[in-house]
Amino acid sequence: TIPPIWIDETNIALNVNENLLIINWGEAEDNKKIDKYSLRIFADNKQIHYVELLDTINEYEFNLENVEVDGFISVKINAVDEDQNLSSFLIASLDFQPPFWIGEPLINLEIEDDILYISWNNATDNKEVKNYTVKIYNSIEEDVFIVEYGINSIEYDISEYSSNDE
């Protein structure tokens, strides 16, 4: 017999709301009938949960409160038909490891004329660092800059905050 197939092999989503992992996936189809979905949850490549769900269910919630994760939470889902044929896995993962600085974190600040020059060293990650967020607080508001990875400095005009009277 023919195993089930996914209608869309990219249709899986993982979200975390507080300590609740919410898993959503799309439908599979079969030449006979989908019997169930088998779902596995892994923490850092170690299986921590297995459940079989009715064929009508396309969402599952799992409490992460007592789960220790150093890197990733991964989910694998199979569709299973009446003859126990298995589809390919739908796979998704969430990265729980924050980026870290290479060496000691170093932020350098220099003021020249009315320009504040800010520079920093690189960070790294188990996946990739996409950008840096730089927040500058003044007495009125917060300025936020999203700086692409590989760029390690910005210039900030401080002339409106300068105490220099001309």
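Everything numeric here is computed off the predicted structure, so don't read it as measured data.

S.K.: Looking at this structure, how should I read the layout of surface pockets?
M.R.: In this approach the atoms are scanned with a rolling probe the size of a water molecule, which exposes any empty space left behind. Reported here for the largest pocket is a volume of approximately 240 Å³. Along its surface, the largest pocket is lined by Trp101, Ile107, Leu109, Leu116, Ile118, Trp120, Tyr132, Thr133, Val134, Lys135 and Ile136. Going through the elements one at a time, strand 11 (107–112), strand 12 (115–120) and strand 14 (131–137) are the ones with two or more residues in the lining of the largest pocket. With five residues, strand 14 is the single largest residue contributor to the lining of the largest pocket. For the lining of the largest pocket, a count of residues per class yields nine nonpolar, one polar and one charged.

S.K.: I'm lost on the sheet that holds strand 3 (residues 20–25) in this one. Help?
M.R.: Within a sheet, adjacent strands bond to each other through the backbone by hydrogen bonds, running parallel or antiparallel. Strand order in this open sheet of three strands is 2-3-7, and the pairing throughout is antiparallel. At either margin of the open sheet sits one strand with a lone partner, and together these are strand 2 (12–17) and strand 7 (59–63). Here the average twist between neighbouring strands, direction ignored, is 20 degrees. Where strand 3 lies against strand 7, five bridges are found, and the strand directions are antiparallel. Looking across to strand 7, one finds that Leu21 is bridged to Phe62.

S.K.: Would you take a moment to explain the pairing of strand 14 for this structure?
M.R.: Look at any regular strand and the pattern is simple: side chains alternate between the two faces of the sheet. Here strand 14 shows a buried face lined by Tyr132, Val134 and Ile136 and an unburied face lined by Asn131, Thr133, Lys135 and Tyr137. Bridging between strand 14 and strand 15 (residues 142–148) involves seven bridges; their strand directions are antiparallel. Among the inter-strand pairings, Val134 is bridged to a residue of strand 15, identified as Phe145.

S.K.: Explain the sheet that holds strand 6 (residues 46–54) here, please?
M.R.: Read across the sheet, four strands follow the order 6-5-8-9 without closing on themselves; strand pairing throughout is antiparallel. Edge positions in the sheet fall to strand 6 and strand 9 (90–95), since each has one partner strand and no second. Neighbouring strand axes in the sheet, compared pairwise and without regard to direction, differ in orientation by 15 degrees on average. Strand direction decides the pairing type here: strand 5 (residues 34–43) and strand 6, joined by eight bridges, are antiparallel. Its bridge partner being in strand 6, Phe42 is matched across the sheet by Gln47.

S.K.: Even after reading the chapter, I still don't get the nonpolar core, so can you show me in this structure?
M.R.: Counting 23 residues, the largest nonpolar core has Leu21, Ile23, Trp25, Leu39, Ile41, Tyr60 and Ile77 as the members making the most contacts within it. Counting only elements with at least two residues in this core, the list comes to strand 2, strand 3, strand 5, strand 6, strand 7, strand 8 (72–81) and strand 9. Of the residues forming this core, the biggest block, five residues, is contributed by strand 5. Ignoring any residue separated from it by four or fewer positions in sequence, one finds Ile77 in contact with Trp6, Ile12, Ile23, Trp25, Tyr37, Ser38, Leu39, Ser88, Phe89 and Leu90. Grouped together as the second largest cluster of nonpolar side chains are 12 residues, Trp120, Val129, Ile136 and Val147 included.

Conventions adopted
- Residues numbered from 1 in each chain as written.
- Predicted model: local features only at pLDDT ≥ 70, side-chain atom pairs only at ≥ 80, totals over all residues.
- Heavy atoms only, no water.
- 1 Å grid on protein atoms, 1.4 Å probe; cavity = no way out; pocket = protein on both sides within 12 Å on 5 of 7 lines; lining within 4 Å.
- Points joined across faces, edges and corners; volume = space filled by probe spheres on them.
- Helix = DSSP H or I, 4+ residues; strand = E, 2+ residues; numbered from the N terminus.
- Nonpolar A, V, L, I, M, F, W, Y, C, P; charged D, E, K, R; others polar.
- Pairing = 2+ DSSP bridges.
- Axes fitted to C-alpha atoms, helices over the stretch in contact; angles between N-to-C directions.
- Buried < 20%, exposed > 50% of the residue type's maximum accessible area, 1.4 Å probe, protein only.
- Core = buried A, V, L, I, M, F, W, Y, C linked by side-chain atoms within 4.5 Å.
- Contact = heavy atoms within 4.5 Å.

Geometric values such as these leave the question of function open.
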